[in-house]
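Secondary and tertiary structure notes
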Amino acid sequence: RDPWMVIGGNTFTGDLLARLGLVNVFAQAPGRYPHVSLEQIEQARPDLVLLPDEPYVFTRHDGPEAFPRHRCALVEGRALTWYGPSLITASPASG
């Protein structure tokens, strides 16, 4: 949150989102994890804001309030950012 950071397109998570059919509104931003302002996020007009539980622990009381005009989803950061064996638990068939 301080600073706000987003996922760039040239990352494992950016690739994963694309493979899931999601459009990363910051995919063309310079850098892997660009620092952005809340105004920049608002201007990008995302349909959904994903808030992971790592490396910053977003909760239902800490994070979504910053995006009152957007749908927010709290997500397991490990499932989005860790590649390799951790992805076994990310499979829809495992849950």
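Quick look at the structure, then. (Residues numbered from 1 in each chain as written. Predicted model: local features only at pLDDT ≥ 70, side-chain atom pairs only at ≥ 80, totals over all residues. Heavy atoms only, no water.)

Turning to the overall build of the chain, a few remarks are in order. Of the regular secondary structure elements, the chain holds 3 helices and 4 strands. The order of α-helices and β-strands along the chain, N terminus first, is β-α-β-α-β-β-α. Buried residues in the chain amount to 26% of all 95 residues. A sequence separation of at least 24 residues applies to 53% of the contacts in the chain between residues at least 6 apart. (Helix = DSSP H or I, 4+ residues; strand = E, 2+ residues; numbered from the N terminus. Buried < 20%, exposed > 50% of the residue type's maximum accessible area, 1.4 Å probe, protein only. Contact = heavy atoms within 4.5 Å.)

On to the nonpolar core. The biggest cluster of nonpolar side chains holds 10 residues, and these are W4, V6, F26, V36, I41, V49, L51, F58, A66 and F67. Not counting chain neighbours up to four residues away, the residues in contact with F26 comprise V6, I7, G8, G9, V36, Q40, I41 and A44. (Core = buried A, V, L, I, M, F, W, Y, C linked by side-chain atoms within 4.5 Å.)

Further remarks concern the packing of aromatic side chains. Under the criterion given, the structure shown has 3 aromatic pairs. With 5.2 Å between their ring centres and 80° between their planes, W4 and F67 make a pair best called edge-to-face. One end of the pair, W4, is in strand 1 (residues 4–5); the other, F67, is in the loop between strand 3 (48–52) and strand 4 (71–75), and 63 residues separate them in sequence. When its relative accessible area of 11% is taken as the criterion, W4 is described as buried. Assessed through its relative accessible area of 4%, F67 is described here as buried. Taken together, the ring pairs in this structure connect W4, Y56, F58 and F67 into an aromatic cluster. (Phe/Tyr/Trp six-rings, centres within 6.5 Å; stacked < 30°, edge-to-face > 60°.)

Our focus in this paragraph is unusual backbone geometry. Here the bond from D2 into P3 is cis, since omega is 10°, no more than 30 degrees from zero. Of note, P3 is situated in the segment before strand 1. In this structure, the amide linkage connecting E54 to the following residue, P55, adopts the cis form with an omega of 5°. Within the secondary structure, P55 sits in the loop between strand 3 and strand 4.

What follows is about helix 1 (residues 12–19). Because each turn of an α-helix spans 3.6 residues, side chains separated by three or four positions in sequence point in the same direction. Looking at helix 1, one finds that the buried residues are T13, G14, L16 and L17. Considered in projection along helix 1, the buried side chains sweep an arc of 160° and stay on one side of the axis. Looking at the buried positions of helix 1, the neighbouring elements they touch are strand 3 and helix 3 (77–81). The first or second residue beyond helix 1 is G21, which carries a positive phi of 85°. (Arc of directions from axis to C-beta.)

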